[in-house]
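Results of the structural survey
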Amino acid sequence: MSRSDVSDHGVSRTAGIAPSTRWCLVVPVKRLGLAKTRLAGPGVPPQLRERLALAFAADMVSAALTAAHVARAMVVTDDPQAAEVLGGIGATIVPDEPDAGLNAAFLFGAAAARAEFGTGTGIAACTADLPALRGAELDIALGRISDGTRHFIADAHDIGTTMLFAPPGVELDPRFGGPSRAAHAASGATELSGTGINSLRRDVDTATDLADALLLGVGPHTTAVWGARERVCSGV
C-alpha cells in the first residue's frame with residue numbers, strides 16, 4: 001500500500017520553542033545483516049529482511065526531511081549500503097565510532113550534529129523503523145514541545161519509544177531499549193500524545209507490525225521492496 005495523503009492539521013507554536021528553531025534528525029542504523037531479526041520467518045528470508053530494514057530507514061529519513069522544522073538528518077552507521085542510500089537521500093553520514101549499542105550511537109550522533117550544525121540545533125532522535133512516518137505529523141509533534149524539556153513518543157504498543165526530542169541547550173539522555181517508555185518518563189522526559197501523530201508511533205519489529213504499517217500507508221521504498229518480495233525471495 002502506498003502512502004496516503006495527509007491532511008494539514010497545522011502546527012501550533014505555543015509551547016515555548018521559537019518558530020525559528022531547526023531540528024536535526026539523528027538516526028542510528030545497524031549493519032543490515034543484523035537488523036530487524038524479529039521479522040525473520042518463512043516468508044521473510046534474510047535477503048528480504050535486509051532490504052526491508054534499509055527501506056524502512058530510507059522512507060523515514062525521506063519523510064522526516066519534508067517536515068518544515070527539520071533542517072538536517074544525521075545517520076550513524078557502519079553499513080556501507082545504508083550509508084550510500086541514506087547519504088543519497090540527503091543525510092549526513094557518520095560512522096558508529098562508539099560501537100556500543102543504540103543509546104551510545106544516539107549520543108554520538110547528537111554530539112556530531114551539534115558540532116556540525118551548531119549548539120542551537122534541536123535533536124530529534126529517531127529509530128530507523130518508521131516506514132509510515134509523515135513529515136506533517138512530525139511538524140505537529142515538534143509544535144508540542146516545550147522549551148528546555150526533553151520529550152518522547154511511545155511506540156504503538158505503549159512499551160517502547162520511537163522518538164526522543166532534546167531542544168537546543170538540552171542534553172539528549174536517551175534510554176532506548178526494552179520498556180523505554182517508562183525509562184524515559186522516569187528520567188524526566190515528557191510524553192507527547194494526542195491526535196495527529198500516529199505515524200510517528202508505528203515502528204516495525206514483527207510481521208504484525210509490518211501489516212499494521214502497510215495499512216497505515218508506507219513510503220515508496222518499502223512499497224517497492226514489499227511489492228517485489230516474491231522475486232526477492234526466489235532470488236530473481
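Everything here concerns the structure above.
First, a word on scope: everything that follows refers to the structure included in this document. (Residues numbered from 1 in each chain as written. Predicted model: local features only at pLDDT ≥ 70, side-chain atom pairs only at ≥ 80, totals over all residues. Heavy atoms only, no water.)

**Observations concerning the sheet that holds strand 4 (residues 122-126)**
For the record, the criterion: DSSP bridges decide pairing: two strands pair if at least two such bridges lie between them. Each helix is a run of H or I in the DSSP string that is no shorter than four residues. Each strand is a run of E no shorter than two, and both are numbered from the N terminus.
Sheet architecture is open: 7 strands sit in the order 3-2-1-4-6-5-7, paired in mixed fashion. The open sheet has two free edges, formed respectively by strand 3 (92-94) and strand 7 (190-191), since each of these has just one partner strand. Where strand 5 (residues 151-154) meets strand 6 (residues 161-166), 4 bridges bridge the pair, whose relative direction is antiparallel. Of the residues in strand 6, the one forming a bridge with His151 is Phe165.

**Quick word on the nonpolar core**
Note the following rule: We call a set of buried Ala, Val, Leu, Ile, Met, Phe, Trp, Tyr and Cys residues a nonpolar core when their side-chain atoms join them within 4.5 Å. Each residue's exposure class comes from its accessible area (1.4 Å probe, protein chains only) as a fraction of the maximum for that residue type: buried when under 20%, exposed when over 50%, partly exposed otherwise. Between two residues, a contact is recorded if the distance between any of their heavy atoms is within 4.5 Å.
Leu25, Val27, Val61, Leu138, Met163 and Phe165 are the most contacted members of the largest nonpolar core, which totals 37 residues. Counting only elements with at least two residues in this core, the list comes to strand 1 (23-29), helix 1 (46-64), strand 2 (70-77), helix 2 (80-89), strand 4, helix 4 (135-142) and strand 6. Among the elements that take part in this core, helix 1 stands out by supplying 8 residues, more than any other. Apart from the residues within four sequence positions on either side, Phe165 is in contact with Trp23, Ile123, Ala124, Leu138, Ala141, Leu142, Ile145, Thr149, Arg150, His151, Ile153 and Leu192.

**Quick look at the pattern of salt bridges**
Selection criterion: We count a salt bridge whenever a side-chain nitrogen from Lys or Arg sits within 4 Å of a carboxyl oxygen from Asp or Glu.
In the structure shown here, the tally under the stated rule is 11 salt bridges. Two residues, Arg181 and Asp158, come together in a salt bridge whose shortest N-O distance is 4.0 Å. Note that Arg181 is positioned in helix 5 (residues 180-186) and Asp158 in the loop between strand 5 and strand 6, a separation of 23 residues in sequence. For Arg181, a relative accessible area of 28% translates into the label partly exposed. In the salt-bridge network here, residues are joined through shared partners; they are Lys36, Arg38, Asp129 and Asp205.

**What about the packing of helix 1 against helix 2?**
Each pair of packed helices gets described by two things: the angle between the helix axes and the distance between those axes. Applicable threshold: Every axis in this analysis is a line fitted to C-alpha atoms, fitted for helices over the stretch in contact. Angles between the N-to-C directions lie between 0 and 180 degrees. Any angle from 65 to 115 degrees is called roughly perpendicular, while one under 35 is roughly parallel, one over 145 is roughly antiparallel, and all others are oblique. Note on convention: near helix rotated counterclockwise from far helix by under a right angle means a left-handed crossing. Clockwise means right-handed. All residues other than Ala, Val, Leu, Ile, Met, Phe, Trp, Tyr, Cys, Pro, Asp, Glu, Lys and Arg, Gly among them, are scored as polar; the first ten of these are nonpolar and the last four charged.
The geometry of helix 1 relative to helix 2 is characterised by a closest axis approach of 10 Å and an angle of 20 degrees between their N-to-C directions. Overall, the two elements helix 1 and helix 2 adopt an arrangement that is roughly parallel. Crossing of helix 1 over helix 2 shows right-handed handedness. Across from Leu54, Ala57, Ala58, Val61 and Ser62 in helix 1, the residues of helix 2 making contact are Gln81, Ala82, Val85, Leu86 and Ile89. Its residues assigned to classes, the contact of helix 1 with helix 2 comprises 8 nonpolar, 2 polar and no charged.

**Brief notes about helix 6 (residues 207-216)**
A turn of α-helix holds 3.6 residues, and therefore any two residues three or four places apart point the same way. How we decide: Here the arc refers to the set of directions running from the helix axis out to each C-beta atom.
Among the residues making up helix 6, those that are buried are Asp209, Leu210, Ala213 and Leu214. Buried positions in helix 6, seen along its axis, are confined to an arc of 140 degrees and lie on one side of it. Facing away from the buried side of helix 6 by over 90 degrees, the exposed positions are Thr208 and Leu215. Among the structural elements, helix 1 and helix 7 (220-227) are those in contact with the buried residues of helix 6. A positive phi of about 110 degrees marks Gly217, the residue just after helix 6.

**Topic: the layout of surface pockets**
What counts here: Cavity: a set of points on a 1 Å grid over the protein atoms alone where a 1.4 Å probe fits but cannot get out. Pocket: an open set with protein on both sides within 12 Å along at least five of seven lines, its lining residues, like those of a cavity, having an atom within 4 Å of a point. Grid points are joined across faces, edges and corners, and a volume is the space filled by probe spheres set on the points.
Empty space within the largest pocket amounts to approximately 960 Å³. If you trace the largest pocket, you find 37 residues lining it, with Lys30, Lys36, Leu102, Asp129 and Asp205 closest to the centre. Elements that contribute at least two residues to the lining of the largest pocket include exactly strand 1, helix 1, strand 2 and helix 3 (102-117). Grouping the amino acids of the lining of the largest pocket by side-chain chemistry returns 14 nonpolar, 11 polar and 12 charged.

**Thoughts on unusual backbone geometry**
Phi is positive for Asp158, which is not a glycine, with a value near 60 degrees. Unusually for a residue other than glycine, Asp173 sits at a positive phi of about 50 degrees. Topologically, Asp173 is positioned in the loop between strand 6 and helix 5. What makes Asp173 partly exposed here is its relative accessible area of 29%.

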